[in-house]
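Residue strings, one per chain:
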Amino acid sequence: MSGNQESGCLTFYVNGKKVTERDVDPETMLLPYLRKRMRLTGAKYGCGGGGCGACTVMLSRYQVHSRTVVHCAVNACLLPVCQLHGAAVTTVEGIGSTKTKLHPVQERIAKAHGSQCGFCTPGMVMSMYTLLRNKPQPTMEDITEALAGNLCRCTGYRPILDGYKTFCESSNCCQNSGAKSCSNGNSISENNSNCCQQIGKANGNEVTDDLENGHLKLFSTDNLLPLDPTQDLIFPPELIRMTESGLQATQTFRGERITWVSPISLDEVVDLKSRHPEAPIVIGNTNIGLDIKFKGILHPFIISPTRVPDLFVVKNTPQGVSVGAGCSMSVVRAALEDLVRTLPLDQTEVHRALLQQLGNLAGQQIRNVATLGGNIVSAYPNSDLNPVLAAGNCRLTVVSKGGRREIPMNKDFFVGFGKTLLNPDEIAVSVFIPVSRKGEFVRAFRQAPRKENALATVNAGMRVRFRDGSSVVDELSIFYGGVGPCTVGASKTCQQIIGRPWGEEALTAAYPVLLEEIPLPPSAPGGKVAFRRALTLNFLFKFFLQMQQKLAEMGIIAEDLRQDMRSSLEALPNDFLPSYQEFQDVLEGQPGQDPVGRPMMHRSALSQATGEAVYCDDMPKTEGELFLSLVTSTKAHAKILNIDVGAALALPGVVDVITARDIPGKKFRMFCGMNEELLAEKEVTCVGQMVCAVVADTKPHAKRGAAAVKITYEDQPELVFTVEEAIEKKSFFEPLREIERGNVSEGFKMADHIHEGEIRIGGQEHFYMETQSMLVIPVGEEGEMNVYLSTQHPTMAQDAIAETLDIPSNRVTCHIKRIGGAFGGKVTKTTILACITAVAAWKTERSVRLVLERGEDMLITGARHPVLGQYKIGYMKDGRITAADVKYYANAGNTADESPLIVAKILLHFDNAYNIPNMRGRSAACKTNLPSNTAFRGFGVPQCMLVTESIINDVALKLGRPAEEIRELNMYRGPSLTHYKMPFDPENMLRCWEECKRRSSIQRRRGDIAQFNQHNRFKKRGLALVPIKYGIGFDIAFLNQAAALVHIFQDGSVLVNHGGTEMGQGIHTKMQQVASRELRIPTSLIHISETNTHMVPNTCPSAASFGTDANGMAVKDACETLYKRLEPIRKRNPEGPWQSWIKAAFLEKISLSATGYYKGHDLYMDWEKQEGQPYAYFTYGVCCCEVELDCLTGDYRTIRTDVVFDIGRSINPSIDIGQIEGAFTQGVGLYTMEELKFSPSGVLYTRGPGQYKIPAVCDVPLQFNIYLLPGTQNPHAIYSSKGIGEPALFLGSSVFFALKEAVAAARSDAGLSGPFEFHSPATPERACLACASHLTQMVPISKPGSFQPWAIETP
Ligand SMILES: Cc1cc2nc3c(=O)[nH]c(=O)nc-3n(C[C@H](O)[C@H](O)[C@H](O)COP(=O)(O)OP(=O)(O)OC[C@H]3O[C@@H](n4cnc5c(N)ncnc54)[C@H](O)[C@@H]3O)c2cc1C
Ligand code: FES
Ligand code: FES
């Protein structure tokens, strides 16, 4: 068939079923197609931009030339359906199910407790499944690489890795029996601390077979389903025949706005491009897809040459290799790896430098589709390949109607942001990568906000050629990315060095030239100016060291690289070691059937792993359903003069626009006594405030409608963004809080020394994987509304919707099946969104769905409060702190929300573990023109305690002593009173402290670290031991109550309803365990369907780590009632079975339904008297972390983490350990990584995983040990357990303080000592600059105030 024929018909397979599609809209991506069209809702929407992996599916294609089928993990959110012709798609539903047979990847993630909220789980499963299809016995490295593009906000990844490690041939260091050498590549010797056998010993917990066997495990590897490739779907033979036949035709798809042409020959592409020079060439769609989705750039005509063979040729010649521009990064990587294996080493310098960058470029899913040509022509300023291609003398071949030409990729090639020398009608066909010549060396460098799956902050490619047999530089080529609008060359710097011998002298002369040549202005987009400039110097320095080492190795220079410099060239440690999780066994005599206290898999884990678990947006579309899209303010403070909805209403599919005027009832919500408008009517006070909402028949139509609403504003003066501005203008939400213990002035007088300091703690985006989602269905009778939503506080949503619609609460039923993560962010903000959606449903009398895009969610719904902590302390020579005066300023944003409660909680926790005799705390919620901040796991505590621990750290630095000594000296001991006069006994906290010191062998490791730091100049290690004392419960008494409703059906099955919501924390599993114990029946008989406000009314929020305490007691109460009712029957027939008792009870007219109630503790805080009993009890924990820092890049790795936690008698150790690990990891994100960036006019820049980095697999501590303190009791909570959802988050700060210690060691080498400024998060930028190396100090710093920075400091 000739290529001239046109057809818009696609044939592909999904999970083994053939799909034929005509006239697909080119804007349709595979994800919505699967979810909405095919009702395969396993793949999830997490970001829509390739950054989270929640949508991962496997794409398989038959390759004619190799006669093989290639399987790739891809992001369905960025894959146009138009590209699927001839492909087989496998989704999580296609590999196994609970109805038929589970696939081992599904079973193992669930059984290893690697699925909490489960929203990320299908994506994880599919990444791992694809890996196993390609490599049934992977290494740990393969697994971490395969999962690098998948984010999880709940688990901390350790259980996922542990579950999947079971697929490895030898799953651990030294776990092979009789191992002589460690499988980490480490030799087993007394002084090799990297070997797991040594670490086992260091735990004071010799790893012997006996102990391993006797050790209680969180999950058993016995009886796991074996991996059986014959179970897998085969690649459809029809697609093989279709591909082999070579019958192809040009395909054209015409959508509402875009025409998509898929040609089959290069001539056709050339012809199309000459007629449509502005049309992009789309293969990977990882750049253009984002343009269309997020930047609103419309490309009316797209050329997609995925089937043009010329673009995929890889041809090797003696001079080098020519790689087709259409090849994906993965194909390029495989081709280069092949060449590195076969060619002489000295010919593959460019190849290896490219491979280094390719290994870190994005995640697997992106690398499998993003093309070489796309990366080059997109000309991103921080493309990883371009600096190496340019430095490596590579050449690009392009064609057009005018013919074919070869363009050197030199300094003239990149002409500006997104621009190269290519003419608009030219097509990149291939890239020529030359073999390296004698004496030539090429290296690549890269620093990114996260070690993996993050665009580089700065990268570089450097090539040097030495004169034969000498160290004199003949050629030098240096290119940087991330320091300007495009890849830039540093030719003047090169000139400075060329002709000279490679040495200090040449280098010293080059630095000033480099700084002058790459003069990033202080307001440069992207910020981090000093860091980026420092990186340009540091990379050159690293290159210098590498080449020095090389020249020494070759015997050209006599001097070896200095011993203390060698580690600067090594990568950070990356080998996982076995982790331990220790917990108490159940009490002797507990019946085997009683699950309380035993590790039990999350009750939905299997359905989550198979994609069967239903989340809000997985619910099928209802008849006539509309989609709602919000219109938000673009101004930080302005009067609304006019809202023009005319253009929006005229668009196809748009049904209505909802404004404040449409609200029939209350137009605002009141939080902390202050009103917050649902939709702004007259004035907006932040960018992102909701003004109106467009409802339309489809999501794209609603979005286009929202974009067409025109709002006219009148700017208002007096903008307030930072806490300093708020303090100056006295812009606060009342009340300001204050608390004092002892006499602070006296305490200062008593002190040997006084010290003042401050610390800024940045905010934190919740980044729950499931964005805010809801569906409101009007029943159509008596005003009834059924609301399906993802909220932690169903009753608040119910009451708010009723008030907004001016109907009684009894007409509104809220249903919460499960939530894909919440972390405090799905209470107040969800309520407001639910009210707006309900108004739309009420007005249109149709069902309305709202699912926020990730960017909208981040913009609208606020975050954790950034806090500025200022302190003055008095301390004695021996380290005892006599007085502390601390002020906390939290940036609350434009509305009060729960901010006054948060700043109050700050003052209740600022003592942490320390008995400082004289202390005063003052806190204020600053009212600013930023989006309103809200509750987030810990509710202000993680911020306030960081200030407290910084105080301790400063004293330690002042006195030159280890911080743990100062901590220990100041701790509460014996029966104590908090600063608000609540009695407590810190014994268990002290036990955790001692146990953590013992488990982490702190004494020995302190010595090792000192030695390490002495022998390494630019790699430093640090260790920190941090305690926490965390109050559990609500200080507002009525919030501590809970209710339950338990039904027993005639077949003996039980339905438990309670007021808690399941958001991954496993509350339903624990309630099932409670009911199982109380009714003495197996958990398999107990079901929990959803949280429902008509089943259990007047619920309290699932928050404050109190969900299990309160609801557990209510479920227990209901079950006790029922069990008692059965007593006469049980007595008559003690042997049962249960089913016979139930049958008899029904016949004897005994009610089989009971409510349960728990009144809760009468907690309170009297701020007038500054005393109270705001908590039921305290949960205690201690964490020890050790990190290794690369001082030249600021990158670090947590080498080891040991956590000891007192959580009483755990109801479910696997769930509680999961909470500890997940919270710890979220804390690591807060304190070292996650940065919200706002423009000087208050616009949030960071609106997706591309710009906002949360911890990924690469951030898991290499060894992560959790020990639950044995022998503890808690009389204040159910079954002697303790709340654990929030406390462990703060323990992530031990990574922060370990980093600070590593930085202090580097500063000491630079001649600096004592306390220093180190704000949170301790990003690579902050860590690198704080190290104050000789190079960093060369970077000129612009005077603050002399320029407008790209981003503002919010705390
Ligand atoms: C989540 C994510 C993470 C990423 N991380 C990194 C990273 O760490 N490092 C990095 O370097 N990059 C990264 N990228 C960028 C990615 O590498 C590029 O988007 C990709 O290489 C572009 O290739 P594509 O085939 O997808 O281009 P497309 O989006 O299909 O096209 C991009 C542009 O290139 C042009 N083009 C494509 N092919 C040709 C051709 N043959 N001839 C002429 N013009 C052509 C098109 O006209 C279009 O303008 C990331 C992207 C995403 C989405
Ligand atoms: S939804 Fe596709 S990667 Fe996030
Ligand atoms: S379980 Fe991974 S995001 Fe919740």
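Look up: the structure comes first, before these words.
Cut-off values and rules
- Residues numbered from 1 in each chain as written.
- Chains lettered and ligands numbered in written order.
- Predicted model: local features only at pLDDT ≥ 70, side-chain atom pairs only at ≥ 80, totals over all residues.
- Heavy atoms only, no water.
- Helix = DSSP H or I, 4+ residues; strand = E, 2+ residues; numbered from the N terminus.
- Rg over C-alpha atoms; globule rule 2.2 N^0.38 Å.
- Buried < 20%, exposed > 50% of the residue type's maximum accessible area, 1.4 Å probe, protein only.
- Contact = heavy atoms within 4.5 Å.
- Axes fitted to C-alpha atoms, helices over the stretch in contact; angles between N-to-C directions.
- Parallel < 35°, antiparallel > 145°, perpendicular 65-115°, else oblique.
- Left-handed = near helix turned anticlockwise from the far one by under 90°.
- Polar contact = N/O pair within 3.5 Å; in protein donor to acceptor, adjacent residues only side chain to side chain.
- Pairing = 2+ DSSP bridges.
- Phe/Tyr/Trp six-rings, centres within 6.5 Å; stacked < 30°, edge-to-face > 60°.
- Lys NZ or Arg CZ within 6 Å of the ring centre and 35° of its normal.
- Near = heavy atom within 4 Å.
- Areas by Shrake-Rupley, 256 points an atom, 1.4 Å probe, with all protein chains shown as cover.

A. Region of the structure containing the overall build of the chain. Regarding its fold elements, the chain presents 39 helices and 51 strands. Taking 2.2 N^0.38 as the reference for a compact globule, 1355 residues should give roughly 34 Å; the C-alpha atoms of the chain span a radius of gyration of 31 Å, in line with that estimate. If you line up the chain on its principal axes, its C-alpha atoms span 95 × 80 × 75 Å. Considering the chain as a whole, with its 1355 residues, one finds that 65% of them fall into the buried category. Summarising the internal contacts of the chain: among those between residues at least 6 apart in sequence, 77% fall at separations of at least 24.

B. Spatial organisation of the packing of helix 2 (residues 104–111) against helix 5 (residues 158–165). At a closest axis distance of 8 Å, the pairing of helix 2 and helix 5 adopts a crossing angle of 135°. Overall, the two elements helix 2 and helix 5 adopt an arrangement that is oblique. As helix 2 runs across helix 5, the sense of the crossing is right-handed. Along the contact surface, helix 2 presents Val105, Arg108 and Ile109, while helix 5 presents Ile160, Gly163 and Tyr164.

C. Expanded view of the environment of asparagine 933. Its location among the elements puts asparagine 933 in the loop between strand 38 (918–927) and helix 29 (941–959). Residues in contact with asparagine 933, not counting those within four places in the same chain, are Lys829, Gly862, Ala863, Arg864, His865, Pro866, Asn891, Ala892, Gly893, Asp897 and Ser899. From its side chain, asparagine 933 meets the backbone oxygen of asparagine 891 in a polar contact 2.8 Å long.

D. Representation of the sheet that holds strand 33 (residues 785–789) in the model. A sheet is described by the order of its strands in space; here eight strands give the open sequence 24-28-22-35-32-33-34-45, paired in mixed fashion. Bordering the open sheet on either side are strand 24 (654–658) and strand 45 (1091–1092), each of which pairs with just one other strand. Examined bridge by bridge, strand 34 (residues 812–816) and strand 45 share two bridges and lie antiparallel to one another. Residue pairing across strands places histidine 815 opposite asparagine 1092, the latter belonging to strand 45. Across the face of the sheet, helix 22 (residues 699–708) comes into contact with strand 22 (626–632), strand 24 and strand 28 (690–696) while running at roughly 25° to strand 22.

E. The arrangement of the packing of aromatic side chains in detail. Throughout the structure, instances matching the rule amount to 27 aromatic pairs. Here the aromatic rings of tyrosine 1231 and phenylalanine 1290 are separated by 6.1 Å at their centres, their planes lie at 90°, and the arrangement is edge-to-face. Pair noted here: tyrosine 1231 is in helix 37 (residues 1213–1232) and phenylalanine 1290 is in the loop between strand 51 (1263–1268) and helix 38 (1293–1309), with a separation of 59 residues, a long-range link. Looking at phenylalanine 1290, the relative accessible area reads 1%, which means it is buried. With 5.0 Å between their ring centres and 85° between their planes, phenylalanine 1296 and phenylalanine 1297 make a pair best called edge-to-face. Judged by its relative accessible area of 0%, phenylalanine 1296 is buried. One cation-aromatic arrangement involves lysine 872 over phenylalanine 748; the distance from NZ or CZ to the ring centre is 4.6 Å. Above the face of the phenylalanine 1178 ring, lysine 1029 is positioned so that its terminal group lies 4.9 Å from the ring centre.

F. Structural detail: unusual backbone geometry. That bond from glycine 1136 to proline 1137 is cis: its omega, 5°, falls within 30 degrees of zero. At the junction of serine 1320 and proline 1321, the peptide bond is cis and its omega measures out at 5° in the coordinates. Locating proline 1321 in the fold gives a position in the loop between helix 38 and helix 39 (1324–1330). Even without being a glycine, glutamate 782 presents a positive backbone phi close to 50°. Here glutamate 782 lies in the loop between strand 32 (773–778) and strand 33.

G. Region of interest: the pairing of strand 10 (residues 314–317). Two strands pair when backbone bridges link them, and strand 10 and strand 11 (residues 320–324) are joined in this way by four bridges, in the antiparallel orientation. The residue bridging valine 314 from the neighbouring strand is valine 323, located in strand 11.

H. Inspection of helix 5 at higher detail. For helix 5, the buried fraction is high: eight of the eight residues fall into the buried class. Taken as a whole, helix 5 has its buried residues at Arg158, Pro159, Ile160, Leu161, Asp162, Gly163, Tyr164 and Lys165.

I. Molecular detail of the site of ligand 1. The local shell around ligand 1 holds 32 residues, among which Ile281, Thr286, Thr371, Asp384 and Ala428 are the closest. Between ligand 1 and isoleucine 288, the relevant distance is 2.9 Å, taken from an oxygen atom to a main-chain nitrogen or oxygen of the residue. A distance of 2.8 Å separates a nitrogen atom of ligand 1 from a polar atom in the backbone of alanine 428. Relative to its unbound accessible area of 980 Å², ligand 1 is 93% covered by the protein chains. The greatest single-element share of the shell around ligand 1, amounting to five residues, is contributed by helix 14 (residues 372–378).

J. Inspection of the packing of helix 2 against helix 3 (residues 121–134) at higher detail. Where helix 2 contacts helix 3, the two axes come as close as 9 Å, and the packing angle between them is 130°. Accordingly, the angle class assigned to the pair helix 2 and helix 3 is oblique. With respect to the hand of their crossing, helix 2 and helix 3 are arranged in right-handed fashion. The segment helix 2 lies against helix 3, with Val105, Gln106 and Ile109 engaging Thr121, Met124, Val125, Met128, Tyr129 and Leu132.

K. Up close: the pairing of strand 12 (residues 395–400). Of all six residues making up strand 12, five are buried, and the element is well covered by its neighbours. Here six bridges tie strand 12 to strand 13 (residues 403–408), and the two strands are oriented antiparallel to one another. Residue pairing for strand 13: serine 400 is matched across the bridge by glycine 403. Counted between consecutive antiparallel strands, the loop separating strand 12 from strand 13 contains two residues. In this structure, strand 12 lies alongside strand 16 (residues 427–434), joined through five bridges in antiparallel fashion. Residue pairing in the sheet places threonine 397 in a bridge with serine 430 of strand 16.

L. Highlighting the environment of isoleucine 952. Summarising the element assignment, isoleucine 952 is placed in helix 29. Distance from isoleucine 952 to alanine 1044, taken between C-alpha atoms, is 45 Å for residues 92 residues apart in sequence. Filtering out sequence-adjacent residues up to four positions away, isoleucine 952 remains in contact with Ile881, Tyr914, Ala963, Ile966 and Arg967.

M. Broad picture of the sheet that holds strand 36 (residues 867–875). The sheet built from five strands is open, its strands ordered 30-38-37-36-31 with mixed pairing. Single-partner strands in this sheet number two, and they are strand 30 (732–741) and strand 31 (753–761). Strand-to-strand, the axes of this sheet are offset by a mean angle of 10°, without reference to chain direction. Across ten bridges, the pairing between strand 37 (residues 881–893) and strand 38 is parallel. Directly across from lysine 887, in strand 38, lies its bridge partner arginine 922.

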